[in-house]
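What the coordinates show
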Amino acid sequence: MKEDPIQVCSDLWVRCFGRPADAPPLPNLTGFLKKFDLWVLAYQRACAHHTGSFPRRGAIHLPHLRSLLALQSSVVASPRRPYPWGASTHLLLRSPADPPSTRPISRRKFQALLDAAPPPFQDRVVQELLLLLLEPAFEPRFSPKSHAFRPGRSPHTALRTLRSHFAGYLWFLKADLTSVADGLGTDVILRCVERGVSDRKVLSLIKSALRTPVRVGSLSRDQEVDRLTKKRMKRKMLRKKRKKKVLNENEPKPDPYWLRTFFGFSPREATWVPNYGHCGILSPLLANICLSELDSWMEERIAKYFCPSKLDSIWKESINDGSHNPAWPEFVPSSGNEKTRKMDYIRYGSHILVGIRGPREDAVELRKALIEFCEISYGLRLDNSEIEIEHITRGIEFLDHVICRRVIHPTLRYTGTGGKIISQKGVGTLLSVTASLQQCIRKFRRLELVKGDKDPEPLPCTPMLYSGQAHTNSQMNKFLETMADWYKYADNRKKVVGFCAYVIRSSLAKLYAARYRLKSRAKVYKIASRDLSHPLSETTRNDAPEYSDLLRMGLVDAIDGVQFSHMSLIPSCDYTPFPRNWVPDHELVLREYIKLQDPKFFCELHKSIKQQELSSPQEDISKVNSDSSKLDSTLDMSRSRKTNILC
């Protein structure tokens, strides 16, 4: 191990982002496969996933390094001996969390273990290494309109894009391409990957991962199960849930309850994660590589469709003109042919949303063209039911947020002739991105925290029955903080977060009423206050120590009140403007670094500094140094004069 793997990956990112857009595919990535330092980094990342802790390089034992070296030799071997994906026996590298198996077992049990075994740890290491190499190779090629499975992008960036750039569109086309993305063939995926990478070894690894059959468990989905077996399986699962589980020494801790509850609120567009063969964590990147062809096709159609009109109020000249500030109304233009025709597009995973400023016929034509494109490019046909066309007045749901338009009547004041101030009523529309309260209620109902739909009634939070009041409140506070951050860009943020806080607070009050035998929520609120911050006690003895005394002695934990007990405590919606040409911070740093590495750009920057009579930091430092040296020389001269006078 001679090189720093982080520096090797950083150089690869700089090299890929410094290439022109029409550059040929990357020819040589096998050299990176031969760098053992990258294998060690991939091993560390895989260990972090399996054990929950990132091991230091110096803490990896010598047997694991030898096994990792054997795995590298197996991957970099000749094409005649391809890497064995999904191997259950004769493993070259084992997970540090796997216990050693020294006890002999029967053939039947051994076969059952093989059938139920998860993907081997060594496959995860190879997938991590391929991800380290392929992600920088394809990130510069991806469209900025794609927001899923990419560093620096998230559902929040998609929602901010909708708020800032999708005002003024009348018709929306929403398509679910999950059937297309899940059904992509091996040849289609390899053809898309070959456009960015031409290294034979990397392509052969991906090809073998896609074509190697995946081992199916002992019980297939199509196998019929009778009612008695279903009941037994259900009882077994319930017994497993109730039983207290003792973790092994190297077994990672499960996610806390608040995090599992928050994951239950993930929108439908974000729950889809592709899985192709033995590609594992590489599958989302492969899906983005294939769907980037759709992004390029849509960008071409957007450029062709744009038809500006100077009589319109927005997009009069350029396609990049901002529609309006989202905090101010946009005036409704007159209908007719003089309206500017424009489209915009956004994709999150396998779900796309297209905004169209034009007649409905254009949306219908785009739907036909989209079906033809998927059939020609991916060999799969979309159903009409998977593509919806809705008007803005109906409300469009995307990422559990509803995009709609509110008509407002602002008062316009302007100065007329003679300096007279004229007030006039106007008609305008305001783009509204609100959180879907119905979806929020459905998610709570699925988690068994409420019952009912129109008038939901909170249920006790039974998973926290055996936890203390301080621990329960802290868990639910983390959940409420995360929910407030998730609905950060919703217009009704206060309303939906207030509803979540009401459900959680009422659920905990019912739980405490059952645990401390207080019979009703009202008694719980009377003792513990509205935010449940005062301690509740199971005993009624007068000789029991006070909670303040126990807290001072450190025998109990401090109880934090449940957050957002009042609407004034809930933060408002974040209306920060989102730039049209926004890029993540890491891409911005990379492009600035590449610019500074160019000698021509550096010379032009130096000339501009000289022309504007500015000074560089180096010149300022040199001036300070020269001034200090002059000051030292004058002090020395004055001292010498004083000594001469004294003499």
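Structure shown above.
Here the residue numbering is sequential within each chain, running from 1 through the sequence in written order. Only residues with pLDDT of at least 70 are given local features in this predicted model, and only at 80 or more are side-chain atom pairs given and counted; all residues enter the totals for whole chains, interfaces and linings. Neither water nor hydrogens contribute to the side-chain values; these are computed over all heavy atoms in the structure.

**So, the overall build of the chain**
Each helix is a run of H or I in the DSSP string that is no shorter than four residues. Each strand is a run of E no shorter than two, and both are numbered from the N terminus. On a plain count of helices and strands, the chain comes out with 23 helices and twelve strands. In the chain, which comprises 647 residues, the proportion classed as buried is 42%. By definition, residues are in contact when any of their heavy atoms lie within 4.5 Å. In the chain, of all internal contacts separated by at least 6 residues, the share reaching a separation of at least 24 is 74%. Buried means the residue's accessible area, taken with a 1.4 Å probe over protein chains only, is under 20% of the maximum for its type, while exposed means over 50%, and partly exposed covers the values in between.

**Quick look at the packing of aromatic side chains**
Any two aromatic rings considered together are summarised by their centre-to-centre distance and by the angle between their planes. In this scheme Phe, Tyr and Trp rings, the latter by its six-membered ring, pair at centre separations within 6.5 Å, and the angle between planes marks the pair as stacked below 30 degrees, edge-to-face above 60, and tilted otherwise. Across all of its chains, the model carries 16 aromatic pairs by this definition. Their ring planes at 90 degrees and their centres at 5.8 Å tell us that Tyr43 and Phe121 sit as a pair that is edge-to-face. Of this pair, Tyr43 sits in helix H3 (residues 36-51) while Phe121 sits in helix H6 (residues 121-138), and the two are 78 residues apart along the sequence. Classification of Phe121 by relative accessible area gives buried; the value is 4%. Each ring, one from Phe166 and one from Phe172, has its centre 6.3 Å from the other, and the planes form 20 degrees; the classification is stacked. The class of Phe172 is buried, set by a relative accessible area of 1%. What links up through ring pairs into an aromatic cluster is the set Phe265, Phe444, Phe479 and Phe499.

**Structural notes on the packing of helix H14 (residues 283-305) against helix H15 (residues 360-378)**
Structural elements are reduced to axes, namely lines fitted to C-alpha atoms, with helices fitted over the stretch in contact, and the angle between N-to-C directions of any two is expressed from 0 to 180 degrees. Running from amino to carboxyl end, H14 crosses H15 at an angle of 145 degrees, the nearest separation of the two axes being 11 Å. Pair H14 / H15 crosses with right-handed handedness. Counting all contacts with H14, which are made through Cys290, Leu291, Glu293, Leu294, Trp297, Met298, Arg301 and Tyr305, the residues of H15 involved are Asp362, Leu366, Ala369, Leu370, Phe373, Ser377 and Tyr378. We call Asp, Glu, Lys and Arg charged. Ala, Val, Leu, Ile, Met, Phe, Trp, Tyr, Cys and Pro are nonpolar, and the rest, Gly among them, are polar. Broken down by class, the residue content of the contact of H14 with H15 amounts to eleven nonpolar, one polar and three charged. The handedness criterion is simple: a crossing whose near helix is rotated anticlockwise from the far helix by less than a right angle is left-handed, and one whose near helix is rotated clockwise is right-handed.

**Considering the environment of Gly349**
With respect to the helices and strands, the residue Gly349 is situated in the loop between strand S3 (342-348) and strand S4 (351-357). Distance from Gly349 to Trp272, taken between C-alpha atoms, is 7.4 Å for residues 77 residues apart in sequence. Residues contacting Gly349, with those up to four places away along its chain left out, are Ala148, Phe149, Trp272 and Leu291.

**Focus: the packing of helix H21 (residues 585-597) against helix H22 (residues 599-611)**
Closest axis-to-axis distance for the H21/H22 pair is 5 Å, and the angle between their directions is 85 degrees. Our classification of the angle between H21 and H22 gives roughly perpendicular. Residues Lys595, Leu596 and Gln597 of H21 form the contact with H22, whose own contacting residues are Pro599, Phe601, Phe602 and Leu605. A per-class count over the contact of H21 with H22 returns five nonpolar, one polar and one charged. For classification, angles of less than 35 degrees are called roughly parallel, those exceeding 145 degrees roughly antiparallel, those between 65 and 115 degrees roughly perpendicular, and all remaining angles oblique.

**Things to note about a nonpolar patch on the surface**
The residues that make up patches have over 30% relative accessible area and no salt bridge, and they are joined within 9 Å when like-charged or within 5 Å when they are Val, Leu, Ile, Met, Phe, Trp or Tyr. Note on areas: Shrake-Rupley, 1.4 Å probe, and residue coverage restricted to the protein chains presented here. By salt bridge we mean one thing: a side-chain nitrogen of Lys or Arg within 4 Å of a carboxyl oxygen of Asp or Glu. A cluster of nonpolar side chains, namely Ile105, Phe110 and Leu113, defines an oily patch on the protein surface of about 270 Å² accessible area. With respect to the helices and strands, Ile105 occurs in the loop between helix H4 (62-75) and helix H5 (107-116).

**Concerning H14**
Taking 1.5 Å of rise per residue, 23 residues should cover 33 Å, and H14 covers 33 Å from first to last C-alpha, within 8% of that figure. Roughly 30 degrees is the biggest bend found in H14, and it falls at Leu291. Counting buried residues in H14 gives 17 out of 23 residues, a clear majority hidden from the surface. By this rule the span expected of a helix is its residue count minus one, scaled by 1.5 Å. Fitting axes to the seven residues ending at a residue and to the seven starting there, one defines the bend at that residue as the angle between these axes.

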